[in-house]
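# Overview (structure and organization)
So the chains spell out like this:
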Amino acid sequence: MGLRAAVAGASGYAGGELLRLLTDHPQIEVATVTAGTSAGDRVGDHHPNLGPLRDRVLQPTRPEVLAGHDVVFLALPHGHSARLVEALDDEVVVVDCGADFRLSDAQAWSRYYDGPHAGSWPYGLPELPGARDRLRGARRIAVPGCYPTAVLLAIAPALTAGLVVPDVVAVAASGTSGAGRTPSPRLLATEVIGSMSAYGVGGTHRHTAEMVAELTRVAGQPVRVSFTPTLAPMTRGILATVVAAVRPGVDDDRVREVYRQASQPEPFVHLLAPGRWPTTAATAGSNTAHLQVTVDRDAGTLVAVAAIDNLTKGTAGAAIQCANLALGFPETLGLPVTGVAP
C-alpha cells in the first residue's frame, strides 16, 4: 500500500487533474477527497472521466478531515490554504497549488492579493537553479502559477547565463481552464469561441510578482517584467512568447548552446529541433514543456517560446513532481511525458 494522500478542492479543474495523475501513481494512493460547496457530491458528478474514483464522496475541506495523511495537496482558491495548514502536523508534506505561499515579499503580496501575507514556502519549479535542493525533503511546497511556469522556463536560462538584459516582455495565451471552474460570463462558449482577448494588462496580473521575484533570483540582479496574458479559444494549454534584448556578441549558436545545456538534464523540458516551434497541442495532458529560442538579429532580441499544459505541468503535474522530490521518490514517478493527440 502506498502513502496516503488527501486532495482538497477536488471538484475543481486543478483538483480533478491531481486525481487523474494520482490514479496512476505507484506510490501514492488517493485516500481522501474534499471540496467546499460541493461537499457531499461524488467525484463522478464533477469529473466523469475519473472512472476509478467516480464513486468517492467529497468530504468537507476541514483540518480534521485532512489530518492523518502522508501528503496533502491543496487546490483551493487563494487565501484558503494558509488557514488550513496551521492545523496540520509539521511532518505532513503539504503541496499548495494556490498563491498563498509563493511570494516572500509581503509588499508584493499586498499589492496583488487580499488578506495578510502568510509567509513563503520553497518555490516548486525544480528546473530553476538551486530549486531541487530546496525541494528535496521539504514538508511545505508552493506550486508556481501556470503562467510563471511557462515564462520562467522560457527565459530563465538566458538570464542565468547573462545572455540578455534584465528587462523582459512576455505575452502568453492560455486556455479557459486556467481561470478555474467558477462560472463567469467572459468564459461562456459564446464569448470565447472564435475570439481572443487580453486581460490583466499593464502589470496588473497577479502572476507578474512571481515572475519578477524568481527571475530576479536567477539573474542575481533586479529584473523588470512586462506581462500581458491573453485568453485563447481552447480548453488547455499555455503558449508564452518572451522577448529580451541580447547583450553584445550573443548570437544564435551561443543561445542554442546555453538552452541545450539547460534542458538536456531535465526530464520534462524539451528544446525542439531548429525550425520547429512549440504548440500547446503537443503538450496536452503531459508534464512536459516544449521550448524554442532564437535571436532576432534585426531587433537585437532573444525570442523564447514555451508551451505547456496549464493543468499538468502548470499545476497538478508540478505538484506531484515536487511531492516526489519531497518524499524521496524518483522525480518522474507517475507523471506522463507523452501528450494526447489529436
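The rules behind the values
- Residues numbered from 1 in each chain as written.
- Predicted model: local features only at pLDDT ≥ 70, side-chain atom pairs only at ≥ 80, totals over all residues.
- Heavy atoms only, no water.
- Helix = DSSP H or I, 4+ residues; strand = E, 2+ residues; numbered from the N terminus.
- Rg over C-alpha atoms; globule rule 2.2 N^0.38 Å.
- Contact = heavy atoms within 4.5 Å.
- Areas by Shrake-Rupley, 256 points an atom, 1.4 Å probe, with all protein chains shown as cover.
- Lys, Arg positive; Asp, Glu negative; His and termini not counted.
- Charge placed at Lys NZ, Arg CZ, Asp CG, Glu CD.
- Axes fitted to C-alpha atoms, helices over the stretch in contact; angles between N-to-C directions.
- Left-handed = near helix turned anticlockwise from the far one by under 90°.
- Nonpolar A, V, L, I, M, F, W, Y, C, P; charged D, E, K, R; others polar.
- Buried < 20%, exposed > 50% of the residue type's maximum accessible area, 1.4 Å probe, protein only.
- Salt bridge = Lys/Arg side-chain N within 4 Å of Asp/Glu carboxyl O.
- Pairing = 2+ DSSP bridges.
- Expected span 1.5 Å × (residues − 1).
- Arc of directions from axis to C-beta.
- 1 Å grid on protein atoms, 1.4 Å probe; cavity = no way out; pocket = protein on both sides within 12 Å on 5 of 7 lines; lining within 4 Å.
- Points joined across faces, edges and corners; volume = space filled by probe spheres on them.

## What about the overall build of the protein chain?
Of the regular secondary structure elements, the protein chain holds 11 helices and 13 strands. In terms of overall size, the protein chain behaves like a compact globule, its C-alpha atoms giving a radius of gyration of 19 Å where 342 residues would be expected to give roughly 20 Å. With the C-alpha coordinates aligned to their principal axes, the bounding extent of the protein chain is approximately 60 × 45 × 40 Å. Look at the contacts in the protein chain between residues 6 or more apart in sequence, and 68% of them connect residues 24 or more apart. If you sum the accessible surface of the protein chain, you get close to 14600 Å²; carbon and sulfur atoms cover 52% of it. Considering the protein chain, the positive charge centre built from 27 side chains and the negative charge centre built from 31 side chains are found 1 Å apart.

## Regarding the packing of helix 7 (residues 146-160) against helix 10 (residues 252-263)
Contact geometry of helix 7 with helix 10 gives a least axis separation of 10 Å together with a crossing angle of 115 degrees. Relative to helix 10, the crossing made by helix 7 is right-handed. When helix 7 is examined against helix 10, the residues Ala-154, Ile-155, Pro-157 and Ala-158 are found in contact with a partner set consisting of Val-258, Tyr-259 and Ala-262. Here the residues of the contact of helix 7 with helix 10 sort into 7 nonpolar, no polar and no charged.

## Quick notes on the environment of Pro-157
Relative to the helices and strands, Pro-157 resides in helix 7. A relative accessible area of 16% places Pro-157 in the buried class. C-alpha of Pro-157 to C-alpha of Glu-266: the two residues are 109 residues apart in sequence and 12 Å apart in space. Setting aside residues no more than four positions away along its own chain, Pro-157 makes contact with Leu-152, Val-258, Tyr-259 and Ala-262.

## Overview of the pattern of salt bridges
Going through the model one piece at a time under the given rule, you end up with 11 salt bridges. Its salt-bridge partner being Glu-210, residue Arg-102 comes within 3.0 Å of it at the nearest N-O pair. Note that Arg-102 is positioned in the loop between strand 5 (93-96) and helix 5 (106-112) and Glu-210 in helix 9 (residues 207-219), a separation of 108 residues in sequence. There is no split in this pair, since Arg-102 and Glu-210 are both buried. Note that Glu-127 is salt-bridged to Lys-313, the shortest N-O span being 2.9 Å. On the criterion of sequence distance, the pair formed by Glu-127 in the loop between helix 5 and helix 6 (131-135) and Lys-313 in helix 11 (residues 312-327) is long-range, its members being 186 residues apart. Take Glu-127 and Lys-313: they sit in the same class, and that class is buried.

## Some words on the sheet that holds strand 6 (residues 140-142)
With respect to topology, 6 strands assemble into an open sheet ordered 3-2-1-4-5-6, the strand pairing being parallel. Two strands in the sheet have a free side with no partner beyond their single neighbour: strand 3 (59-60) and strand 6. Where helix 11 meets the sheet, its contacts fall on strand 1 (3-8), strand 2 (28-35), strand 4 (71-74), strand 5 and strand 6, and the angle it forms with strand 5 comes to roughly 160 degrees.

## Let's talk about the pairing of strand 13 (residues 301-308)
Here strand 13 lies mainly inside the structure; 8 of its 8 residues are buried. Here 8 bridges tie strand 10 (residues 238-246) to strand 13, and the two strands are oriented antiparallel to one another. Looking across to strand 13, one finds that Ala-245 is bridged to Thr-301. The sheet contact formed by strand 12 (residues 289-296) and strand 13 spans 8 bridges and is antiparallel. Each residue of the ladder has a partner; that of Ala-289, found in strand 13, is Ile-308. Once strand 12 ends, the chain turns through 4 residues before running back antiparallel as strand 13, passing Gly-300 with a positive phi of about 70 degrees.

## A word on the sheet that holds strand 13
On the basis of which strands lie adjacent, the open sheet formed by 7 strands has the order 8-9-7-10-13-12-11 and mixed pairing. Both outer strands of the open sheet, strand 8 (197-198) and strand 11 (269-271), are each paired with one neighbouring strand and no more. Bridge count between strand 7 (residues 164-174) and strand 10: 8 bridges; the pairing is antiparallel. If you follow Ala-172 over to strand 10, its bridge partner there is Ala-240. The strands touched by helix 10 within the sheet are strand 11, strand 12 and strand 13, with strand 12 carrying the most contacts at an inclination of about 160 degrees.

## Here's the deal with helix 10
With 12 residues, helix 10 should cover 16 Å at 1.5 Å per step; its first-to-last C-alpha distance of 16 Å lies within 8% of that length. Of the residues making up helix 10, those classed as buried are Val-255, Val-258, Tyr-259 and Ser-263. One side of helix 10 carries all its buried residues, which in axial view fall inside an arc of 120 degrees. In helix 10, the exposed positions angled more than 90 degrees off the buried face are occupied by Asp-253 and Gln-261. Looking at the buried residues of helix 10, the elements they touch are helix 7, strand 11, strand 12 and strand 13.

## Comments concerning the layout of surface pockets
The computed volume of the largest pocket comes to approximately 1300 Å³. If you trace the largest pocket, you find 46 residues lining it, with Leu-76, Pro-77, Ala-179, Gly-180 and Arg-181 closest to the centre. Contributions of two or more residues to the lining of the largest pocket are made by helix 1 (13-22), helix 7 and helix 11. Among the residues making up the lining of the largest pocket, the classes are represented as 17 nonpolar, 25 polar and 4 charged.

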